[in-house]
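Summary of structural features
Each chain, letter by letter, is given below.
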Amino acid sequence: MDILSSSIEQSTDLLNQNENINQEINISVKNEIKKKVTGSEAVIMSLLEEGIQTIFGYPGGAIMPIYDALYGFQDQVNHILVRHEQGAIHAAQGFARASGKTGVCFATSGPGATNLVTGIADAQIDSTPIVCITGQVSSHLLGTDAFQETDIISISMPITKWSYQVTNAEEIPRIIAKAFYIAASGRPGPVLIDITKDAQNQIIDFEYKKCDKIRSYHPYPIASDQDIERAAELINNSTKPLLLFGHGVIIANAQEELKTFVEKAGIPSAWTIMGLSALDTDHPLNVGMLGMHGNYGPNIKTNECDLLIAVGMRFDDRVTGDLNRYANQAKVIHIEIDPSEINKNIHADVAIISDAKIALKKLIPKINPNNHNEWLEEFKKCSQIEYDKVNKNELYPEKGELKMAEVVRKISERTNGKAIVVTDVGQHQMIAMRYYNYKKPRSNITSGGFGTMGFALPAAIGAKMACPEREVVAFIGDGGFQMTLQELGTIFQYKPKVKIVILNNNFLGMVRQWQQLFFEKRYSFTTMVNPDFIAIARGFSIQSAKVTERENLDAEIEKMFSTDEAYLLEVVVEKEDNVFPMVPSGESVSNIRLS
């Protein structure tokens, strides 16, 4: 009996072992099957590995296999079908700028890919991390002028951080990992991956490893201690310092370090349009906007300061005016992550090549607590002059037609300065930046360096997708709105609760202003005969209203924000309302005009 029991027990153990072995084999086989994926599936799986949950795109023939693969991942990926590929990349830009993450967009070959080009260039100059994935004709058709074939790699190379064409599916995971690292690291920017149709259909063993370094690519330069010491010495000995902060502060998430730095040193601080919202607009050391339509004080005081501290900005022409007459009296400290920007336009006495957050952290303990009250008082006097001559009538007009500034002021008050404000390009853009009272970081989304009309509507959609909990307000001119108004269809389909404010002056306003001031009022093709914007919005089932009289404005603004869905408010404003102050093109910033 004992022998029989032992034999049965041994047989049972053997059966159990065999069953376990078979289960392990089955699991192994299943894992092998799971690893065998198409190139298209590898694209989606790679994006998931990077934490991507939102994609903006438009399908077509050459990218159809990727869209077919996407069909099986709809529970994990939110794909937003835009109405034009330019809308896809602008939405991805809005998403990236609002969230601080990398935006993703899809497009097909040929016209689909080339329709991304404006947005790619925009993202490049404004340092926005985007990964663009385009379909391409099959490898054997490359160079044959096949249907919808275009050499998007050659086209995009000057306006991307990196472009790469995939012809072998085995490369897809590695190339996507590399793309995300390049796009988001250092000075961010757009990357384009072009994938041939045969590579999308090939079968590969999928394995994904995130990229954290690339040989010969060093995106985070380390500031030398010597440069930090020299900068601190200049700051501590300065009597009239002026700090200029740009987009690099926001990219580096250095808002708190900036605030700590300026408060400890007591330095008046001014912003580029891309740096707006890094420091609260109403902060006592925030002296306003730089540049062509910037504030009076920071422009003229640039040529009176003894030290100019530039943090995360590139001294572009709209900030500097005539370079030969820009801050010649001042020592210059330039904190910038991109070495190519150092000494490109303005000579730096001390160059700190570093991420803004790291540089400011190193500087803060080395600077002396200080205040520059007398110097700051000079800015306050300039602000009062500007208020009396410009702002007062713009913000609080007693009669006449509605003004853009009073609309922006009222919306700023209604949202407590906490909305994400998306602007198109033109007069309304400058007005929104001058008169909205920004109180939260990452609240200003605009096309800065490239000046792309049509940017705002799709970018607002992307921003709302990134931050559904925040109010998103898009200020748009009547001209720019008509460039991408088809994206109302995207709002109709996906219901992002964006608030659209069209400031309608029936002109291409900024061009008209220049024609008035510098071309003897020869309004050459800037008059707009506009459609019925309200009827268009209603055609997309978007609630809307039109305001032509001042007494109706408050009620309509309240109605817009009380409506728990997308809303379009058209406000008819003064036709020949100009934006002042203004530095005429090619002039010194000291020659800023108040009228």
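Cut-offs applied
- Residues numbered from 1 in each chain as written.
- Predicted model: local features only at pLDDT ≥ 70, side-chain atom pairs only at ≥ 80, totals over all residues.
- Heavy atoms only, no water.
- Helix = DSSP H or I, 4+ residues; strand = E, 2+ residues; numbered from the N terminus.
- Rg over C-alpha atoms; globule rule 2.2 N^0.38 Å.
- Buried < 20%, exposed > 50% of the residue type's maximum accessible area, 1.4 Å probe, protein only.
- Contact = heavy atoms within 4.5 Å.
- Lys, Arg positive; Asp, Glu negative; His and termini not counted.
- Charge placed at Lys NZ, Arg CZ, Asp CG, Glu CD.
- Salt bridge = Lys/Arg side-chain N within 4 Å of Asp/Glu carboxyl O.
- Pairing = 2+ DSSP bridges.
- Axes fitted to C-alpha atoms, helices over the stretch in contact; angles between N-to-C directions.
- Parallel < 35°, antiparallel > 145°, perpendicular 65-115°, else oblique.
- Left-handed = near helix turned anticlockwise from the far one by under 90°.
- Nonpolar A, V, L, I, M, F, W, Y, C, P; charged D, E, K, R; others polar.
- 1 Å grid on protein atoms, 1.4 Å probe; cavity = no way out; pocket = protein on both sides within 12 Å on 5 of 7 lines; lining within 4 Å.
- Points joined across faces, edges and corners; volume = space filled by probe spheres on them.
- Domains from an automatic or database assignment.

**What to know about the overall build of the protein**
Broken down by element type, the protein carries 24 helices and 20 strands. A compact globule built from 595 residues should have a C-alpha radius of gyration of about 25 Å, and the protein, at 28 Å, falls within 12% of that. With respect to the principal axes defined by its C-alpha atoms, the protein has extents near 105 × 65 × 60 Å. By the burial criterion, 56% of the 595 residues in the protein qualify as buried. Sequence-distant contacts in the protein: of pairs separated by 6 or more residues, those separated by 24 or more amount to 76%. When the 58 positive and 72 negative side-chain charges of the protein are each reduced to one mean point, those points stand 5 Å apart.

**Things to note about helix 18 (residues 427-435)**
Burial runs high along helix 18: nine of the nine residues are buried. What helix 18 keeps buried is the set Gln427, His428, Gln429, Met430, Ile431, Ala432, Met433, Arg434 and Tyr435.

**Comments concerning the pattern of salt bridges**
A full pass over the atoms with the stated rule returns 25 salt bridges. Among the ionic pairs, Asp205 bridges to Lys36, the shortest N-O distance being 3.0 Å. Of this pair, Asp205 sits in strand 8 (residues 203-205) while Lys36 sits in strand 1 (residues 36-38); the two residues are 169 residues apart in sequence, bridging distant segments of the chain. For the salt bridge of Glu171 with Arg174, the shortest nitrogen-to-oxygen distance reads 3.5 Å.

**Examining the sheet that holds strand 5 (residues 130-136)**
Strand pairing in a sheet relies on backbone hydrogen bonds, with the paired strands running either antiparallel or parallel. Taking strand neighbours across the sheet as the criterion, the six strands line up as 3-2-4-5-7-6 in an open arrangement whose pairing is parallel. The two strands at the open ends of the sheet, each matched to only one other strand, are strand 3 (78-81) and strand 6 (162-166). Sheet twist, expressed as the average angle between the axes of neighbouring strands with direction ignored, equals 20 degrees. Pairing geometry for strand 4 (residues 103-107) and strand 5, over five bridges, is parallel. The partner of Cys105 across the bridge, within strand 5, is Cys132. Relative to the sheet, helix 2 (residues 39-49) contacts strand 2 (54-57), strand 4, strand 5 and strand 7 (190-196), its axis offset from that of strand 4 by approximately 165 degrees. Strands strand 5 and strand 7 of the sheet are contacted by helix 6 (residues 117-125), whose axis makes an angle of about 145 degrees with strand 7.

**Quick notes on the packing of helix 12 (residues 255-265) against helix 15 (residues 356-363)**
Between helix 12 and helix 15, whose axes approach to 9 Å, the crossing angle comes to 30 degrees. One element, helix 12, and the other, helix 15, form an angle in the roughly parallel class. Note on packing geometry: the crossing formed by helix 12 with helix 15 is left-handed. From helix 12, Glu257, Leu258 and Phe261 reach across to helix 15, where they touch Lys357, Leu360, Lys361 and Leu363. In terms of residue class, the contact of helix 12 with helix 15 is made up of four nonpolar, no polar and three charged.

**Structural notes on the layout of surface pockets**
Put simply, the second largest pocket is a space of about 710 Å³. Taken together, 28 residues form the lining of the second largest pocket, with Thr281, Asp282, Asn295, Asn391 and Arg434 sitting closest to its centre. Elements represented by at least two residues in the lining of the second largest pocket include exactly strand 11 (286-289), helix 16 (373-395), helix 17 (404-414) and helix 18. Of the residues forming the lining of the second largest pocket, the biggest block, eight residues, is contributed by helix 16. Lining the lining of the second largest pocket are residues from two domains, each supplying at least three of them: domain 2 (225-377) and domain 3 (401-573).

**Here we look at the sheet that holds strand 18 (residues 499-504)**
Taken in spatial order, the six strands line up as 16-15-17-18-20-19 in an open sheet, and their pairing is parallel. Of all strands in the sheet, those bounded by a partner on one side alone are strand 16 (444-445) and strand 19 (543-547). Note: strand 18 against strand 20 (residues 567-572), six bridges, orientation parallel. Across the sheet, residue Ile502 finds its bridge partner in strand 20, namely Glu570. Sitting on the sheet, helix 17 touches strand 17 (472-477), strand 18 and strand 20, and the angle it makes with strand 18 is about 160 degrees. Its contacts with the sheet put helix 19 (residues 456-466) on strand 15 (420-423), strand 16, strand 17 and strand 18, and the angle it makes with strand 17 is roughly 175 degrees.

**With respect to the pairing of strand 17**
Within strand 17, six of the six residues are buried, which leaves the element mostly enclosed by the surrounding structure. Of the two faces of strand 17, both are covered, the one formed by Val472, Ala474 and Ile476 as well as the one formed by Val473, Phe475 and Gly477. Direction of pairing for strand 15 relative to strand 17: parallel, over a ladder of four bridges. Its bridge partner being in strand 17, Val422 is matched across the sheet by Ala474. Inspection of the sheet shows strand 17 paired to strand 18 by five bridges, in the parallel sense. Residue pairing for strand 18: Ala474 is matched across the bridge by Ile500.

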